[in-house]
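# Overview (structure and organization)
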Amino acid sequence: MPKIAVLQMTSGIDPEANADVLAGAVERAAGEGAEMLFTPEMSGLLDRDRKRAAPSIQREEDTAALTRVRNAAHKAGIWVSLGSLAVESEGTRWANRAFVIDPLGQIAARYDKIHMFDVDLASGESWRESNAYKSGAHVVTVDDTPVGKLGLTVCYDIRFPALFEALGRARCDSIAIPAAFTVPTGKAHWHVLQRARAIEASAFVVAAAQVGEHADGRRTYGHSLVIDPWGEVSLDMGGEKPGLGFADIDLARIAEVRAQVPSLANRCEIPK
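Counting restarts for each chain: residues are numbered from 1 in the order of the written sequence. Confidence filtering applies because this is a predicted model: local features only for residues at pLDDT of at least 70, side-chain atom pairs given and counted only at 80 or more, and all residues used for totals across whole chains, interfaces and linings. Each side-chain value is derived from all of the structure's non-hydrogen atoms; neither hydrogens nor water enter the calculation.

### Details of the sheet that holds strand β15 (residues 233-236)
As summarised here, the arrangement of the six strands in space is β8-β9-β10-β11-β14-β15, forming an open sheet in which the pairing is mixed. The open sheet has two edge strands, β8 (141-145) and β15, and neither has a second partner. Here the strands of the sheet are splayed against their neighbours by 15 degrees on average, with no regard to which way each runs. At least two DSSP bridges between two strands are needed for those strands to be called paired. A run of DSSP states H or I qualifies as a helix once it reaches four residues; a run of E qualifies as a strand once it reaches two. Both are numbered from the N-terminal end. Taken together, the three bridges between strand β11 (residues 204-207) and strand β14 (residues 225-227) define a ladder with antiparallel strand orientation. To obtain an axis, a line is fitted to C-alpha atoms, over the contacting stretch when the element is a helix, and the angle between two such axes runs from 0 to 180 degrees between their N-to-C directions.

Rendered as structure tokens:
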């Protein structure tokens, strides 16, 4: 039964400081016996001031957080699901990119966030992710991780069932949903959406989250979660502070749940 670690962060506007936190979490997770570490969306830099952030957003190979995590993973011999980083992409917009790193420090997979967070909330918060970030176009899964076949998503993706339908059809054992959820949307929808996605896919969900007051002025909801295929919450890290949490992933539970409620096997095409 693999043990995983989940990093709840309060990422800021200093990439080196964030990279220090990430590298330290890799070392500690491995030291505590975890086979895989999961980190939140925008682990390497969280800055809503795009002009200030621009000099820190670089090509993959020049991104400090990615380099530090790859080196730390290799040294510790642990897998890492690096929730996402802002990196240069083709054209004038950036990519909000998730990475899976193997115990040799190699990049096993990349996933660019598909759904852009373009919203105006009743709280007065307004977000236009698509102004700076280019949407991804591909569903991504990773075979043979410690949590089985892993499906990749990022934050706002959680609201779009078609993506999770595709991951369910791919028979993912686990799905990563790293996030930097706002407080209003988190209070309203975070737990129910995460549980629903686990139930629909009959899979584990691991949702590492940003938490608290950030240097750029935003506030995030926290409550990093691990949810089993029956929709039961096995880890909730709360909404107060950053830290490292641990959970055991009983992969045998997946087959048990799919035998009881074979919704994946019973799925039908809906007539148009």
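### Section: unusual backbone geometry
Of note in the backbone geometry, Asp144 takes a positive phi value of approximately 60 degrees without being a glycine. Mapped onto the elements, Asp144 comes out in strand β8. The class for Asp144 is exposed, based on a relative accessible area of 69%. Of note, the phi angle at Ser202 is positive, near 45 degrees, even though the residue is not glycine. Position of Ser202 among the secondary structure elements: in the loop between α5 (183-201) and β11. Residue class for Ser202 comes out buried when judged on its relative accessible area of 2%. Only protein chains enter the calculation, and the probe is 1.4 Å; a residue is then buried if its accessible area is under 20% of its type maximum, exposed if over 50%, and partly exposed in between.

### A short note on the pairing of β15
Note that β14 and β15 share three bridges and pair antiparallel. The residue bridging Leu225 from the neighbouring strand is Asp236, located in β15. Here β14 folds back onto β15 in antiparallel fashion, the turn holding five residues, of which Gly231 has a positive phi close to 90 degrees.

Just geometry here; none of it tells us what the structure is for.
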